[in-house]
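Chain residues, written in single-letter form:
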Amino acid sequence: MKDPYWKTAISKVEKNQILIRGYPIEELMSSCSFGEVVYLALKGELPKGNEGILVEAILVSCIDHGLHAPSVNATRFVASCGVPLQSAVASGVNAIGEIHGGAIEAAARLFQDSLKSNSIDLDQLAPKLLLQYRENKKRLPGFGHPIHTEDPRAVRLLQLAEQHKYHRRHCALAEAIRVASGDYFRKPLTLNIDGAMAAVISDLEIPWQYGKGFFIISRSVGLIVHAVEEMTQFPPFRKVPLEDVHYVGTSRRKVPKSKKDVSKNRLG
């Protein structure tokens, strides 16, 4: 017989009590940072060390990256249409995909799958991965950036990981790839914030499936402030200027008077 109940190990709510992974929420509120509670929610246990500090650093690193980001564009366009705040923010979150924000998940999966065995030599693995991606003409997730030649967020995050004793094999692999990349591509690859985040969450033993989730949590704050700024500081109805829209279809033609004339107006 099919079990009729919905089940969860995340939270329990009953009269006058809210438990998150077994801990009363009012105790978490007074004793733990947001980063520590995020770690608890994802891992099921509170941090034993400074994991919460690194989680918070990750969340700060992605909070915003300018108006040109697709998620921000989507949020501001929708925010200008007179919708509720949550609709505008949801539009931005829905723009987060494989191309925008998805590299964290892909890079974390690559790092974690590549280092399933502790006996793997990083100095041999990094060139192997670089050669593989070059031969397949695929972009290496977590590397490269259209603006930064050295992503300051990635640099600082790895410094914090080392400072708090979580710069381990996954972080070392990310840096080994960066160092060796100049031998396999036209120029050395930039380790971007997606790659640094992927390496750090991997060394925190957080499953790669949560990679995009970190970006969603962090960027949602930026989307909220962009939405409110758009709603309160600018005229409504954001649009593409007409002079920037170029029609590339067929030239003007007449609607046929009969079915027999339809074929005469078909393209090609």
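See above for the structure.
Counting restarts for each chain, with residues numbered from 1 along the sequence as it is written. Residue-level local features of this predicted model are given only where pLDDT is at least 70; pairs of side-chain atoms are given and counted only at 80 or more, and the full residue set underlies all totals for whole chains, interfaces and linings. Side-chain descriptors were evaluated using all non-hydrogen atoms of the structure, hydrogens and water having been removed beforehand.

A. Spatial organisation of the nonpolar core. Definition used in this section: a nonpolar core is a set of buried Ala, Val, Leu, Ile, Met, Phe, Trp, Tyr and Cys residues joined via side-chain atoms within 4.5 Å. Remark: exposure states derive from per-residue accessible area (1.4 Å probe, protein chains only) relative to the maximum for the residue type, with buried under 20%, exposed over 50%, and partly exposed in between. Formed by 50 residues in total, the largest nonpolar core has its most connected members in Phe111, Leu173, Ile177, Val200 and Phe214. Secondary structure follows DSSP: runs of H or I at least 4 residues long count as helices, runs of E at least 2 residues long count as strands, and numbering of each begins at the N terminus. Of all the elements in the fold, those that place two or more residues in this core are α2 (34-43), α3 (51-61), α6 (103-114), α7 (122-135), α8 (152-163), α9 (169-180), α10 (193-203) and α11 (211-233). Among the elements that take part in this core, α10 stands out by supplying 7 residues, more than any other. Residue contacts follow a heavy-atom distance rule, with two residues in contact if any of their heavy atoms lie within 4.5 Å. For leucine 173, the contacting residues outside a window of four places in its chain are Phe111, Ser114, Leu115, Leu122, Leu125, Ala126 and Leu129. If you look at the next biggest cluster of nonpolar residues, it comprises 7 residues, including Val72, Ala79, Ala88 and Leu223.

B. Examining a nonpolar patch on the surface more closely. Residues qualify for a patch when their relative accessible area is over 30% and they have no salt bridge, like charges being joined within 9 Å and the nonpolar side chains of Val, Leu, Ile, Met, Phe, Trp and Tyr within 5 Å. Exposure was quantified through the Shrake-Rupley algorithm and a 1.4 Å probe, taking into account, for residues, occlusion by the shown protein chains and nothing else. Note on definitions: salt bridges are taken to be side-chain nitrogens of Lys or Arg within 4 Å of carboxyl oxygens of Asp or Glu. A contiguous nonpolar patch, built from Leu85, Ile224, Val225, Val228 and Met231 and spanning about 370 Å² of accessible area, is present on the exposed surface. Here the nonpolar patch gets 4 residues from one element, more than from any other, and that element is α11. Here isoleucine 224 shows up in helix α11.

C. Up close: the side chain of arginine 153. Summarising the element assignment, arginine 153 is placed in helix α8. Residue classification places arginine 153 among the buried positions, given a relative accessible area of 18%. Beyond its immediate chain neighbours, meaning those up to four positions away, arginine 153 contacts Ser61, His65, His145, His148 and Ile193.

D. Structural detail: α11. The length a helix should cover is 1.5 Å for every residue beyond the first. Spanning 23 residues, α11 covers 33 Å between terminal C-alpha atoms, matching the ideal 33 Å at 1.5 Å per step. Here the bend at a residue means the angle between the axes of two seven-residue stretches, the one that ends at it and the one that starts at it. If you look at α11, its biggest bend is around 30 degrees, right at arginine 219. Burial in α11 covers these residues: Gly211, Lys212, Phe214, Phe215, Ser218, Arg219, Ser220, Gly222, Leu223, His226, Ala227 and Glu230. Residues of α11 that are buried sit in contact with α2, α3, α4 (70-79), α5 (85-94), α6 and α10.

E. Here's a closer look at the layout of surface pockets. Think of a 1 Å grid over just the protein atoms. A cavity is a set of points where a 1.4 Å probe fits yet cannot get out, a pocket is an open set with protein on both sides within 12 Å along at least five of seven lines, and lining residues have an atom within 4 Å of a point. Grid points are joined across faces, edges and corners, and a volume is the space filled by probe spheres set on the points. Of the volumes computed, that of the largest pocket is approximately 620 Å³. Lining the largest pocket are 27 residues, and of these Ile99, His100, Gly101, Arg139 and Asp194 lie nearest its centre. Of all the secondary structure elements, the ones that give two or more residues to the lining of the largest pocket are α6, α10 and α11. Three categories are distinguished: nonpolar for Ala, Val, Leu, Ile, Met, Phe, Trp, Tyr, Cys and Pro, charged for Asp, Glu, Lys and Arg, and polar for the others, with Gly belonging to the last. The residue inventory of the lining of the largest pocket, partitioned by class, reads 13 nonpolar, 9 polar and 5 charged. Split into classes, the residues belonging to the lining of the second largest pocket amount to 7 nonpolar, 5 polar and 4 charged.

F. Focus on α2. What α2 keeps buried is the set Gly35, Val38, Tyr39, Leu40 and Leu42. Check the buried side of α2 and you find it contacts β2 (17-20), β3 (23-24), α1 (25-31), α3 and α11. In the stretch just after α2, glycine 44 is the one whose phi turns positive, near 90 degrees.

G. Broad picture of the sheet that holds strand β1 (residues 11-14). Pairing is antiparallel in the open sheet, where 3 strands are placed in the order β1-β2-β3. The sheet is open, and its two borders are formed by β1 and β3, each paired with just one other strand. At least two bridges found by DSSP between two strands is the condition for calling them paired. Strand direction decides the pairing type here: β2 and β3, joined by 2 bridges, are antiparallel. Across the sheet, residue leucine 19 finds its bridge partner in β3, namely proline 24.

H. Layout of the environment of isoleucine 18. For isoleucine 18, the position within the fold is in strand β2. The partly exposed category is assigned to isoleucine 18, whose relative accessible area is 38%. Sequence separation between isoleucine 18 and alanine 227 is 209 residues; the distance between their C-alpha atoms is 31 Å. Beyond its immediate sequence surroundings of up to four residues, isoleucine 18 is in contact with Lys12, Val13, Tyr23, Pro24 and Ile25.

I. A look at the side chain of glutamate 230. The topology assignment puts glutamate 230 in helix α11. For glutamate 230, a relative accessible area of 1% corresponds to the buried category. Dropping the residues within four chain positions of it, glutamate 230 is found in contact with Arg76, Ala79, Ser80, Pro235 and Arg238.

J. Focus on the pairing of β2. Pairing of β1 with β2, which is carried by 4 bridges, proceeds in the antiparallel orientation. The partner of glutamate 14 across the bridge, within β2, is glutamine 17. Between the antiparallel neighbours β1 and β2 lie 2 residues, among them asparagine 16 with a positive phi of about 65 degrees. Between β2 and β3, which pair antiparallel and follow one another directly, the connecting turn spans 2 residues, one of which, arginine 21, has a positive phi of 55 degrees.

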